[in-house]
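# What the coordinates show
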Amino acid sequence: MAYKRFQNIVAESKLLLPFAVLVTGAACYLAGLVAGGWWVQLMCLVVSTALLVELNISNQLLRVVSQCTPAMYLLLVAVAIGIFPELEAGIMQLCMIALYFMLFHCRMRKESPGWTFYGFFCLGLASMVFPKVLYYVPLLWILMATCLRSLTAKTFWASLLGLVTPYWLGGPIIIYFLGTSVISEHFSQLWTFSPLADISLLGEHEWLTLGWILFLTLIGIVHYARLGYQDKIRTRLLHEIFITVDIVTIIFLALQPQHYTILLSIIIVNTAPLIAHFLTLTHTWLTNIAFHLIMLITLALIFYNVWMPSSHFFRNMAIQACSYLPL
């Protein structure tokens with residue numbers, strides 16, 4: 001039995017997820033949760049975390065009992081606190097996790113059009129806020145055929161039906177209130193692109209956040225390429241899906257940085273299980289040091305990214321407090 005170092009004790013602790021909830025909740029509050037009225041975004045985050053907990057347990061993403069995957073997801077959301085106010089990012093994360101939750105039930109089950117329908121229904125919902133997510137559909141079909149072994153004629157047509165159902169249900173209401181022109185405006189975004197790799201759109205906070213999350217992604221991918229053979233075949237194939245979608249999304253972000261908010265939210269969903277696997281299932285002195293550094297830098301970046309909004313928050317509180325003082 002491998003010797004458990006501090007990183008393994010923390011990763012397998014029942015207190016890790018509550019700690020991540022506390023840190024992320026504080027980051028959201030200091031970023032302006034109450035003042036901004038971001039309650040829908042918060043609800044999306046809560047449901048996404050609950051789904052990721054169930055996804056982690058039902059698919060045994062880790063070989064030990066650990067809630068490191070949802071904990072790291074929350075900490076990465078806190079690092080990227082700048083995208084939290086964007087409702088589209090919250091919806092995208094929720095739909096992507098729900099998509100995985102549905103499709104992973106189809107593993108080696110070719111007679112599973114129901115789960116496939118619900119999974120692509122979630123992707124159809126996501127496409128209503130970000131039409132270019134439809135570019136992932138061919139990739140998902142390939143992953144269904146190669147990793148999940150669930151692509152058949154029935155599941156193919158079920159996926160198409162799932163994609164169009166949100167438009168059937170919501171389309172008439174949207175057209176009634178906004179007119180028919182909204183249809184062409186919505187789908188025209190599929191072939192509308194900005195100049196390639198226009199990195200001037202990203203500021204200092206965005207670069208630091210993106211750089212750190214991509215660094216964690218690289219660690220997770222390299223770790224799984226080296227030691228993934230220790231997992232069951234089922235688990236390896238599921239992690240291959242995370243890695244593939246992660247790499248494609250990173251390329252997409254490099255080409256079209258104007259979609260930073262949406263694409264970073266997708267990267268966070270796929271990176272969380274990869275870095276959680278590294279933190280939980282490695283046990284050398286070097287990885288133990290890496291664990292300490294990763295946690296310290298992550299917490300430092302959270303503090304740095306919430307410092308500006310929280311400084312405005314505390315300044316406004318001080319101004320309000322002073323207004324009650326007699327002059």
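These numbers were taken from a predicted model, which means no experiment stands behind them.

Looking at the chain, pLDDT values average 88 and 93% of them are 70 or higher. Mean pLDDT across the elements of the chain ranges from a minimum in helix H14 (residues 285–323), with 76, to a maximum in helix H5 (residues 68–79), with 96.

A few words now on the packing of helix H2 (residues 16–31) against H5. Put simply, H2 and H5 touch, their axes get as near as 9 Å, and they point 15° apart. Classified by the interaxial angle, the pair formed by H2 and H5 is roughly parallel. The interaxial crossing formed by H2 with H5 has left-handed handedness. Residue-level inspection shows Leu16, Leu17, Ala20, Val21, Val23, Thr24 and Ala27 of H2 in contact with H5, the latter providing Cys68, Pro70, Ala71, Leu74, Leu75 and Ala78. Residues belonging to the contact of H2 with H5 are distributed by class as follows: 12 nonpolar, 1 polar and no charged.

Bringing helix H4 (residues 39–58) into the picture now. Spanning 20 residues, H4 covers 29 Å between terminal C-alpha atoms, matching the ideal 28 Å at 1.5 Å per step. Of the residues making up H4, those classed as buried are Gln41, Cys44, Leu45, Ser48, Thr49, Leu51, Leu52, Val53, Leu55 and Asn56. On the buried face of H4, the contacting elements are H2, H5 and helix H6 (87–103). In the segment just after H4, Gln60 is the residue with positive phi, at about 50°.

About the thresholds
- Residues numbered from 1 in each chain as written.
- Predicted model: local features only at pLDDT ≥ 70, side-chain atom pairs only at ≥ 80, totals over all residues.
- Heavy atoms only, no water.
- pLDDT = per-residue confidence, 0-100.
- Helix = DSSP H or I, 4+ residues; strand = E, 2+ residues; numbered from the N terminus.
- Axes fitted to C-alpha atoms, helices over the stretch in contact; angles between N-to-C directions.
- Parallel < 35°, antiparallel > 145°, perpendicular 65-115°, else oblique.
- Left-handed = near helix turned anticlockwise from the far one by under 90°.
- Contact = heavy atoms within 4.5 Å.
- Nonpolar A, V, L, I, M, F, W, Y, C, P; charged D, E, K, R; others polar.
- Expected span 1.5 Å × (residues − 1).
- Buried < 20%, exposed > 50% of the residue type's maximum accessible area, 1.4 Å probe, protein only.

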